[in-house]
Amino acid sequence: MKYICIFVLVFSFVMLGWYLKDHAVIEPTIGGDRDEQGCLIAAGYIFTEKVGACLRQFEMTPDIEEAARLAVLAVGRSYALTVVSFNAYEEPGAYDIMFERGEERTPNTVHIRGGVVVPEEVIEKEDSIRVSAPRPGAAVASPVVVSGMARGTWFFEATFPIIIVDWDGRIIGEGYVSATDDWMTEEFVPFTGEVSFDLPIGTPYKRGAIIFKKDNPSDLPEYDDALEIPLVFE
């Protein structure tokens, strides 16, 4: 009798397990349904041809939508490319556009300053130096007029050096910027400058960079710093 009871009890548990398995309630994945463009329609995303990505239209203003369009041009259209969030700054034309790409939802961020897509390296230096001109990727002719602001610690005797390099990293121009306000501070100080360059005849690629170098009279490597901005030569 004892063994019959144990058998009945085990059999009851097995039958209960099968029943629960067959009648389990499967919770739907929030936002799991995608349309033909890969947009998560249940999460409120729709594809916008003007931008070229999935987004929540109700979150957009015309300025942010334009920034998103520029960001899509930088990363390229793809399936399920989605604008998931953004940062808008007080500076006109300054945004961070955060994407997810594909069903894997791979993250990517595009930075826009002054209405232009800028490299991550420029963003990383924003707390030390901010260049107004030239903008990344600008087409320039000699001489190049520069302006912006940098912490007073970038200057020595109110100046710091700038150089222009070609596509191969060879120096083709050198100059200095000058502070236009008191530089004996750790706060941001506006600067202006000009640098001429001579692009060798027969150069295969008309691209290069301008490099803003922190002045370091000590020559100690731990005090070195620089910001490189890509350029196109006219």
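Residues numbered from 1 in each chain as written. Predicted model: local features only at pLDDT ≥ 70, side-chain atom pairs only at ≥ 80, totals over all residues. Heavy atoms only, no water.

### Some remarks on the state of the cysteines
Note the threshold: The rule for a disulfide is simple: a pair of cysteine sulfur atoms within 2.5 Å. A helix here means a DSSP run of H or I that spans at least four residues, while a strand means a run of E at least two residues long, and both kinds are numbered starting from the N terminus. Each residue's exposure class comes from its accessible area (1.4 Å probe, protein chains only) as a fraction of the maximum for that residue type: buried when under 20%, exposed when over 50%, partly exposed otherwise.
On inspection of all chains with the given rule, the structure shows one disulfide. Two residues share a disulfide in this structure: Cys39 and Cys54, whose sulfurs sit 2.1 Å from each other. Of note, the bridge from Cys39 to Cys54 carries an S-S torsion of about -80° and is left-handed in sense. A residue pair is termed long-range when its members are at least 10 positions apart, and Cys39 in the loop between α1 (2–22) and β1 (46–48) and Cys54 in strand β2 (residues 53–55) qualify at 15 residues. The residues Cys39 and Cys54 share a single accessibility class, namely buried.

### Brief notes about the confidence of the model for the protein chain
Keep this limit in mind: Note on scores: pLDDT gives the predictor's confidence for each residue, bounded by 0 and 100. Contact definition: two residues touch when any of their heavy atoms are within 4.5 Å.
Across the protein chain, the average pLDDT comes to 88, with 86% of residues at or above 70. Segment residues 23–31: pLDDT under 50, and three contacts once partners within four positions in sequence are set aside and those in other chains are kept.

### A short note on the nonpolar core
The tendency in soluble globular proteins is for nonpolar side chains to be buried side by side. Worth spelling out the cut-off: Side-chain atoms within 4.5 Å are what join buried Ala, Val, Leu, Ile, Met, Phe, Trp, Tyr and Cys residues into a set we call a nonpolar core.
Ranked by internal contacts, the top residues of the largest apolar core, which has 29 residues, are Ile129, Phe155, Phe160, Phe191 and Phe212. Every element with two or more residues in this core is listed here: α3 (120–124), β7 (129–133), β9 (144–151), β10 (159–166), β11 (171–179), β12 (188–195), β13 (207–213) and β14 (226–233). Of the residues forming this core, the biggest block, four residues, is contributed by β14. Non-local contacts of Ile129, meaning those with residues more than four positions away in its chain, are made with Met149, Ala150, Trp154, Phe160, Phe188, Phe191, Phe212 and Leu227. The next biggest cluster of nonpolar side chains, apart from the first, holds 16 residues, and it includes Val51, Ala67, Leu81 and Phe99.

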